[in-house]
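# Architecture and fold: a report
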Amino acid sequence: MAFSSAVPSSASAVAAAVAAAVLLAAIGAEAETRKYQFNVQMASVTRLCGTKSIVTVNGQYPGPTLFAREGDHIEVNVVNSSPYNVSLHWHGVRQLLSGWADGPSYITQCPIQPGGSYVYRYQIVGQRGTLWWHAHISWLRATLYGPIVILPPAGVPYPFPAPDEEVPVMFGEWWRNDTEAVIAQALQTGGGPNISDAYTINGLPGPLYNYTCGSSAAAAQETFTLKVRPGKTYMLRLINAALNDELFFSVANHTLTVVDVDALYVKPFAVDTLVIAPGQTSNVLLGAKPDALPGARYYMEARPYTNTQGTFDNTTVAGILEYGYEDPSVSSTNLPISAPTLPQINDTSFVANYTARLRSLASADYPAAVPQAVDRRFFFTVGLGTHPCAVNGTCQGPNGSRFAASVNNVSFVLPTTALLQAHFSGRSNGVYTTDFPAAPLVPFNYTGTPPNGTNVMNGTKVVALPFGATVELVLQDTSILGAESHPLHLHGFNFYVVGQGFGNFDPVNDPAKFNLVDPVERNTVGVPAGGWVAIRFRADNPGVWFMHCHLEVHMSWGLKMAWLVQDGSLPNQKLPPPPSDLPQC
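Residues numbered from 1 in each chain as written. Predicted model: local features only at pLDDT ≥ 70, side-chain atom pairs only at ≥ 80, totals over all residues. Heavy atoms only, no water.

In the annotation of an unreviewed UniProt entry, the entry for the protein chain reads Laccase, and the organism field reads Urochloa decumbens. In UniProt, the protein chain has this text filed under Function (unreviewed entry): "Lignin degradation and detoxification of lignin-derived products." (UniProt positions renumbered as here; feature names shortened; annotations may be inferred.)

This is how it looks when you write it as structure tokens:
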């Protein structure tokens with residue numbers, strides 16, 4: 001496979017400039033500035049018969065929904081009244097020329113310290129659908145998250161039948177213990193962290209868990225219930241906010257029509273069950289049965305998809321879809337509740353078949369601008385390795401080592417100065433280097449017999465790209481400590497998933513099978529267990545942009561890196577100066 005360091009062609013640069021101009025011109029005269037107040041504070045929450053103090057926004061768990069229309073400007077004043085350093089990431093928002101508002105701690109900003117505040121300012125450009133916000137430091141996003149609902153511009157219809165109602169449905173995880181203590185212990189021992197005690201739907205674990213207090217009332221109170229009317233259509237805005245697990249989701253005896261992923265329209269298709277990785281979103285239409293009896297109830301269930309060799313939360317969260325009537329004279333019937341049949345927990349073929357059905361809408365109004373030519377090619381291996389245990393240390397990783405994760409054998413080390421601030425000020429020395437390898441320095445049989453050595457190197461390295469470059473990136477899973485699926489999220493960009501497969505990527509034959517017509521466009525993609533995925537994007541957004549695994553445990557172990565996109569030559573291709581209230585380290 002060839003790896004080019006060439007600058008972008010003139011055609012690529014022109015295309016990038018035109019695309020940026022079109023996006024920024026698409027604001028519309030009626031765009032609004034929507035202002036939100038987010039107070040990060042502790043609150044006591046009771047789940048599964050236990051009460052603990054958690055980090056919240058405005059005392060809500062999950063946090064408040066941020067509403068906007070495509071083209072709107074957003075201002076979120078975040079006041080940190082918690083005892084923790086905090087930053088918030090607006091997951092999937094393109095952040096065109098607003099990298100200072102992206103949020104990952106020590107990448108684009110230093111965290112907001114207790115007692116401090118910061119106003120995140122950005123614009124929603126070229127996106128409509130469902131995204132979400134969450135904390136981007138340590139494991140605070142276990143409870144610090146909420147939906148982002150982006151409507152089309154006023155007067156612009158959906159490219160599918162309009163639903164009668166729209167409902168955010170967020171999947172999460174719940175620990176009885178303090179999650180900051182859970183990850184602190186794992187990082188100290190180098191072993192895997194304790195698994196969650198339950199999954200949640202909109203913060204509620206549902207009726208299938210063991211309520212130690214024996215209270216059926218507690219189970220009923222902690223169950224998400226969606227009341228529907230016969231014959232109506234509901235759009236479920238699905239968000240996987242779980243820290244560590246991809247999830248299957250199904251509603252018993254109902255069909256789901258997928259119309260949008262990661263705030264981008266797709267060609268609609270119907271399924272009984274879907275899979276959604278941490279960080280991903282999907283809008284689905286659910287048609288309520290026209291002849292359903294009053295009080296008919298159906299479980300909506302989610303449980304993990306995994307092929308990991310380690311421990312994981314092998315439980316099922318359930319909510320209830322319940323039929324009701326507007327006519328109060330119609331009495332409800334006490335009917336038995338129906339449950340869906342979900343795939344086996346390790347059904348990789350189901351996941352592959354589902355993801356293969358995702359296609360961009362690729363219409364005249366919503367074209368698929370897939371880069372046809374490539375300026376820079378990269379091949380990144382992603383997977384688990386080890387770090388040696390400290391002398392006289394006690395470690396719980398493989399063979400007495402510490403678990404580590406890496407991209408191209410580089411385990412990312414967070415700096416103590418934010419990368420974007422160092423880049424903008426021209427003071428990168430001692431903060432980061434730009435020698436991130438474009439391919440593995442020592443090639444091996446990535447999904448076959450692993451190499452003898454499992455240790456990975458540490459470093460704060462970035463890939464530098466000229467403005468406007470078109471990029472092709474192949475992400476290859478490795479089986480060094482067992483093949484696993486890895487959901488990778490790229491900040492600051494959407495990308496097209498042009499190809500995927502199992503085994504080792506073949507640079508000669510596999511590119512001939514790439515879909516360059518209508519591949520799905522998104523911001524988070526699952527690297528198949530024991531396989532690879534190829535994406536393409538255009539580096540049209542100057543700044544420093546994080547790419548990382550959205551399994552929180554793997555990111556904690558170092559499965560992350562950063563891209564540095566240089567300024568372009570035109571004024572609207574340059575990163576503006578940082579805001580005056582940007583937090584300092």
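Structure's up, so let's keep going.
## As for the side chain of serine 485
Along the chain, the position of serine 485 falls in the loop between strand S25 (470-477) and strand S26 (486-490). Residue classification places serine 485 among the buried residues on the basis of a relative accessible area of 10%. A polar contact is formed between the side chain of serine 485 and the side chain of glutamate 246, at a distance of 2.7 Å. In terms of polar contacts, serine 485 uses its side chain to reach the backbone carbonyl oxygen of valine 527, at 3.4 Å. (Helix = DSSP H or I, 4+ residues; strand = E, 2+ residues; numbered from the N terminus. Buried < 20%, exposed > 50% of the residue type's maximum accessible area, 1.4 Å probe, protein only. Polar contact = N/O pair within 3.5 Å; in protein donor to acceptor, adjacent residues only side chain to side chain.)

## Quick notes on the sheet that holds strand S10 (residues 198-201)
Across the sheet, six strands lie side by side as S10-S9-S12-S17-S14-S15; this open sheet has mixed pairing. Sheet topology places S10 and strand S15 (264-271) at the edges, where each strand pairs with a single neighbour. Recorded for the sheet is a direction-independent mean angle of 25° between the axes of neighbouring strands. The sheet contact formed by strand S12 (residues 233-240) and strand S17 (residues 281-287) spans seven bridges and is antiparallel. Within the sheet, the bridge partner assigned to threonine 233 lies in S17 and is glycine 287. (Pairing = 2+ DSSP bridges. Axes fitted to C-alpha atoms, helices over the stretch in contact; angles between N-to-C directions.)

## Side note on the packing of aromatic side chains
Each aromatic ring pair is summarised here by two numbers: the centre-to-centre distance and the angle between the ring planes. For the coordinates displayed, the defined rule picks out 32 aromatic pairs. Ring centres of phenylalanine 160 and tyrosine 265 lie 6.0 Å apart, and the angle between their planes is 85°; this geometry places the pair in the edge-to-face category. With phenylalanine 160 in the loop between strand S8 (145-151) and strand S9 (165-174) and tyrosine 265 in strand S15, this pair connects stretches of sequence that are 105 residues apart. For the pair shown, phenylalanine 160 and tyrosine 265 are each scored as buried. Here the aromatic cluster, defined as three or more aromatic residues joined through ring pairs, consists of Phe378, Phe380, Phe436, Phe493, Phe537, Trp545 and Trp563. The ring of tryptophan 174 has lysine 52 sitting right over it, with the charged end atom 4.6 Å from the ring centre. (Phe/Tyr/Trp six-rings, centres within 6.5 Å; stacked < 30°, edge-to-face > 60°. Lys NZ or Arg CZ within 6 Å of the ring centre and 35° of its normal.)

## A look at the environment of phenylalanine 546
Inspection of the secondary structure puts phenylalanine 546 in strand S31 (residues 543-549). As a C-alpha pair, phenylalanine 546 and aspartate 102 span 444 residues in sequence and 9.5 Å in three-dimensional space. Apart from the residues lying within four places of it in its own chain, the contact partners of phenylalanine 546 are Pro104, Ile107, His136, Phe412, His489, Leu490, His491, Met555, Lys560, Met561 and Ala562. (Contact = heavy atoms within 4.5 Å.)

## Structural notes on unusual backbone geometry
The residue after tyrosine 61, namely proline 62, is reached through a cis peptide bond having omega -10°. With respect to the element layout, proline 62 can be found in the loop between strand S2 (50-57) and strand S3 (66-69). Phi is positive for serine 138, close to 50°, though the residue is something other than glycine. With respect to the secondary-structure elements, serine 138 resides in the loop between strand S7 (129-135) and S8. The residue asparagine 399 is not glycine, and still its phi comes out positive at about 55°.

## Let's talk about the state of the cysteines
For the structure shown, the criterion picks out three disulfides. Linked covalently through their sulfurs, cysteine 389 and cysteine 395 form a disulfide whose S-S length is 2.1 Å. Given an S-S torsion of about 80°, the disulfide between cysteine 389 and cysteine 395 has right-handed geometry. A relative accessible area of 14% places cysteine 395 in the buried class. Here the protein chain pairs its bonded cysteines, counted in sequence order, in the arrangement 1-3, 2-6, 4-5. (Disulfide = S-S within 2.5 Å.)

## Structural notes on the sheet that holds S31
Taken in spatial order, the five strands line up as S24-S32-S31-S26-S29 in an open sheet, and their pairing is mixed. Edge positions in the open sheet fall to strand S24 (462-465) and strand S29 (524-527), since each of these has one partner strand only. Strand after strand, the sheet turns through a mean of 20° between neighbouring axes, direction not considered. Across three bridges, S26 lies against S31 in antiparallel orientation. The residue of S31 that forms the bridge with leucine 490 is methionine 547.

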